[in-house]
Amino acid sequence: MRLSEHVHLVGSGWLGYSLSDRHDGHVYLVEGGTASFLIDAGSGLNTARIAARIEAAQVPPVTHILVTHGHADHAAGADALARLLGAEIWTSPEVARMLIDADEVATGLALARSAGVYPAALSLTPTEVHRRLGDETFTIGAATVRCMPTPGHAVGHACYLVDVDGARAVFTGDLVFARGRVAVLGTTETDVGALRDSIAAVAATGPGALFPGHGSVALSDADRHLAAALDAFDRGQLPPGLLP
Ligand SMILES: [Zn+2]
């Protein structure tokens, strides 16, 4: 499903467009001229459907999977997709450790699975991570990508700011969603102060399009969507949640 000139949605669950397994977060495919890359990888419960959508998009080879954070709906499918595509997995050092160790406690999978959020069949496999990303900028094909460490929603969370052909987009994972919504997971996992500071840091980069990990996307006016969250914080309130 093509969202813009360079961005396709190839996986999405019931909090989005139901393109793949219902437990999947959004899996974005970005065309960067001579190479393509994914932002997040879904739950791994229906990697074949995501792979079929990537193939149908007829884009240059997928060389990288950039992972926003360790939650299973974004990261558990990374290993299978990377093997299938021959792609490298790049993510923050904290998330790299979770994936390499298949740490189902640190990623929150063990707790979420026991609460019935995920089926018993969903598990993490030890995953090869090819590069640990700090706050740094690199190129993939014709795209310039900045990895921004954005703690708050979860430990090791990162956003990816992508510039290609003069268009700037930010892929925010679960940091912030359209209309300034957020996902706060208890008091132990989500650091609300860090969440606010990370959203402010993303807003300061002046993105045009907002591609979050769930829900609707914003093809322009990302600043307004981010400002909606920051306005709530400024009033001493928590922005509205992604889930009702
Ligand atoms: Zn998450």
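Residues numbered from 1 in each chain as written. Predicted model: local features only at pLDDT ≥ 70, side-chain atom pairs only at ≥ 80, totals over all residues. Heavy atoms only, no water.

Per an unreviewed UniProt entry, the chain is named Metallo-beta-lactamase domain-containing protein, and its organism is Dactylosporangium maewongense.

All right, on to unusual backbone geometry then. Positive phi values are uncommon outside glycine, yet Ala102 reaches one of about 50°. Of note, Ala102 is situated in the loop between helix H4 (93–100) and helix H5 (109–114). Even without being glycine, Asp221 reaches a positive phi, approximately 60°. When you line up the elements, Asp221 lands in the loop between strand S11 (209–212) and helix H8 (222–234). (Helix = DSSP H or I, 4+ residues; strand = E, 2+ residues; numbered from the N terminus.)

On to the packing of helix H7 (residues 192–203) against H8, then. Two numbers describe how H7 lies on H8: the axes approach to 10 Å, and their chain directions differ by 140°. By the angle between their directions, the pair H7 and H8 is classed as oblique. The interaxial crossing formed by H7 with H8 has left-handed handedness. For the pair H7 and H8, contact is made by Val192, Leu195, Arg196, Ile199, Ala200, Val202 and Ala203 and by Leu226, Ala229, Leu230, Phe233 and Asp234, respectively. A class-by-class count of the residues in the contact of H7 with H8 yields ten nonpolar, no polar and two charged. (Axes fitted to C-alpha atoms, helices over the stretch in contact; angles between N-to-C directions. Parallel < 35°, antiparallel > 145°, perpendicular 65-115°, else oblique. Left-handed = near helix turned anticlockwise from the far one by under 90°. Contact = heavy atoms within 4.5 Å. Nonpolar A, V, L, I, M, F, W, Y, C, P; charged D, E, K, R; others polar.)

Protein coordination at the zinc ion comes from His69 (NE2), His71 (ND1), His153 (NE2) and Asp174 (OD), with a distance range of 2.1 to 2.2 Å. The coordination sphere of the zinc ion comprises four donor atoms, whose angles at the metal cover 91 to 168°; the geometry is irregular. All donor residues of the zinc ion come from one chain, and their arrangement in sequence is H-x1-H-x81-H-x20-D. Of this pair, His69 sits in the loop between strand S4 (62–66) and helix H2 (72–75) while Asp174 sits in the loop between strand S10 (167–173) and helix H6 (186–189), placing them 105 residues apart in sequence. (Donors = N, O, S within 2.8 Å, 3.2 Å for Na, K, Ca; no water. Tetrahedral: all angles 85-135°; square planar, octahedral: opposite > 155°, others 65-115°.)

This brings us to a nonpolar patch on the surface. Side chains of Val184, Val192 and Leu238 sit close together on the surface and give an oily, nonpolar patch of about 200 Å² of accessible area. With respect to the element layout, Leu238 can be found in the segment after H8. The partly exposed category is assigned to Leu238, whose relative accessible area is 43%. (Patch = residues over 30% accessible without salt bridge, like charges linked within 9 Å, V, L, I, M, F, W, Y side chains within 5 Å. Areas by Shrake-Rupley, 256 points an atom, 1.4 Å probe, with all protein chains shown as cover. Salt bridge = Lys/Arg side-chain N within 4 Å of Asp/Glu carboxyl O. Buried < 20%, exposed > 50% of the residue type's maximum accessible area, 1.4 Å probe, protein only.)

Right, let's talk about the nonpolar core for a bit. Formed by 30 residues in total, the largest nonpolar core has its most connected members in Leu29, Leu38, Ile54 and Ile65. For this core, the secondary structure elements donating two or more residues are strand S2 (27–32), helix H1 (47–57), S4, H2, helix H3 (78–85), H4 and H5. Residues within four places of Leu29 in sequence aside, it is in contact with His6, Val7, His8, Val10, Ser36, Phe37, Leu38, Ile54, Ala57, Val59 and Val62. Residues Tyr28, Val145, Val162 and Phe211 belong to the second largest nonpolar core, which totals 25 residues. (Core = buried A, V, L, I, M, F, W, Y, C linked by side-chain atoms within 4.5 Å.)

Following the criterion strictly, the structure yields ten salt bridges and no others. The residue Asp101 makes a salt bridge to Arg97 at a minimum N-O spacing of 2.9 Å. Residue class for Asp101 comes out partly exposed when judged on its relative accessible area of 45%. Put simply, Asp103 and Arg97 hold a salt bridge, and the shortest N to O gap is 3.2 Å. Members of the salt-bridge network, linked through shared partners, are Arg97, Asp101 and Asp103.

Here the focus is the sheet that holds strand S7 (residues 136–140). The strand order across the open sheet built from five strands is S7-S8-S9-S10-S11, with neighbouring strands paired in mixed fashion. The open sheet terminates on both sides in strands that have one partner only, identified here as S7 and S11. Strand-to-strand twist across the sheet, computed as the mean angle between neighbouring axes with direction ignored, equals 25°. Relative to S10, strand S9 (residues 158–164) runs antiparallel, the two sharing five bridges. Looking at the pairing, Tyr160 lines up with Phe171 of S10. (Pairing = 2+ DSSP bridges.)

As a further point, take the side chain of His71. Here His71 is to be found in the loop between S4 and H2. Residue His71 is classed as buried on the basis of its relative accessible area of 10%. A polar side-chain atom of His71 sits 3.1 Å from a polar atom in the side chain of His69. Non-local contacts of His71, meaning those with residues more than four positions away in its chain, are made with Ala76, Thr107, His153, Ala154, Asp174, Leu185 and Glu189. (Polar contact = N/O pair within 3.5 Å; in protein donor to acceptor, adjacent residues only side chain to side chain.)

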